[in-house]
Amino acid sequence: VFAGSEDGPPLVATPIDGAGVIGRIWVDSTNPQAALAVSGEKLYRTTSGGKFWDDVTGDLSGGVIHGIAADSSAGVVYAATDKGIFSGRIALNAADRVPTTWRAVTGNLPIAPARDARLNADGTLTVLLEGYGVWEAPAPHRTQAPRIVNGADLSDRAAAPVPLRERRHEQG
């Protein structure tokens, strides 16, 4: 894998121990130091911009990994494999040695090889299933971990700039 930045020095080759041909790569859009790379049935993670890579495959036994999607803020990765879609919790912003445990994503999905996965900004997971086409549903990790948002603009910031208790004192 070659790593570098637009405004930095030239790209530098960084080997991934034990990896063969890299078939897919995912880079965190909010933290480009964090990335995932796929080589056959193995998944690798870097939190150092590609200087060091860890094998985070854990107990994933879905066969060849064809696609990956991740939500770094939730620490969730989706792997599109020969045996369907799997989800696992992986720290993407800090290296750790916690083994990854994977679970099959089921629900209304047909049992079929998955060729790709994508997390969308609207909180949905889009999956390309062999023989079935494209499927889309709410991302399972989003439905399991709801967040409180500002009703005005759906951001995580507080709805009022000053806590209500302080506002009452100012008015009265």
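See the structure shown above.
Residues numbered from 1 in each chain as written. Predicted model: local features only at pLDDT ≥ 70, side-chain atom pairs only at ≥ 80, totals over all residues. Heavy atoms only, no water.

Draft legend 1. Local environment of the side chain of Thr100. Tracing the backbone shows Thr100 in the loop between β9 (84-89) and β10 (102-104). The class of Thr100 is buried, set by a relative accessible area of 5%. Beyond its immediate stretch of four places on either side in the chain, Thr100 contacts Val56, Gly58, Asp59, Gly88, Arg89 and Ile90. (Helix = DSSP H or I, 4+ residues; strand = E, 2+ residues; numbered from the N terminus. Buried < 20%, exposed > 50% of the residue type's maximum accessible area, 1.4 Å probe, protein only. Contact = heavy atoms within 4.5 Å.)

Draft legend 2. Region of interest: the sheet that holds strand β5 (residues 42-46). If you walk across this open sheet you meet the 4 strands as β3-β4-β5-β6, and the pairing is antiparallel. At either margin of the open sheet sits one strand with a lone partner, and together these are β3 (24-27) and β6 (54-55). With 2 bridges joining them, β5 and β6 adopt antiparallel strand pairing. Within β6, the position partnered with Tyr44 by the bridge is Asp55. (Pairing = 2+ DSSP bridges.)

Draft legend 3. Structural detail: the pattern of salt bridges. Applying the stated rule across the entire model yields 6 salt bridges. The residue Arg45 makes a salt bridge to Asp96 at a minimum N-O spacing of 3.2 Å. With Arg45 in strand β5 and Asp96 in the loop between β9 and β10, the pair connects residues that are 51 residues apart, well separated along the chain. Take Asp96: its relative accessible area is 28%, and that puts it in the partly exposed class. (Salt bridge = Lys/Arg side-chain N within 4 Å of Asp/Glu carboxyl O.)

Draft legend 4. Spotlight on the sheet that holds strand β12 (residues 124-129). What the 3 strands build is an open sheet, ordered β11-β12-β13; its pairing is antiparallel. Either end of the sheet is taken by a strand with one partner, and the two such strands are β11 (114-119) and β13 (133-138). Within this sheet the neighbouring strands show an average axis-to-axis angle of 20 degrees, counted without direction. Judged from the 6 bridges that link them, β12 and β13 form a sheet pairing that is antiparallel. Bridge assignment links Thr124 to a residue of β13, and that residue is Pro138. (Axes fitted to C-alpha atoms, helices over the stretch in contact; angles between N-to-C directions.)

Draft legend 5. How the structure looks around a nonpolar patch on the surface. On the surface, Ile22, Ile25 and Val27 cluster together to form a nonpolar patch covering roughly 230 Å² of accessible area. Within the secondary structure, Val27 sits in strand β3. The partly exposed category is assigned to Val27, whose relative accessible area is 43%. (Patch = residues over 30% accessible without salt bridge, like charges linked within 9 Å, V, L, I, M, F, W, Y side chains within 5 Å. Areas by Shrake-Rupley, 256 points an atom, 1.4 Å probe, with all protein chains shown as cover.)

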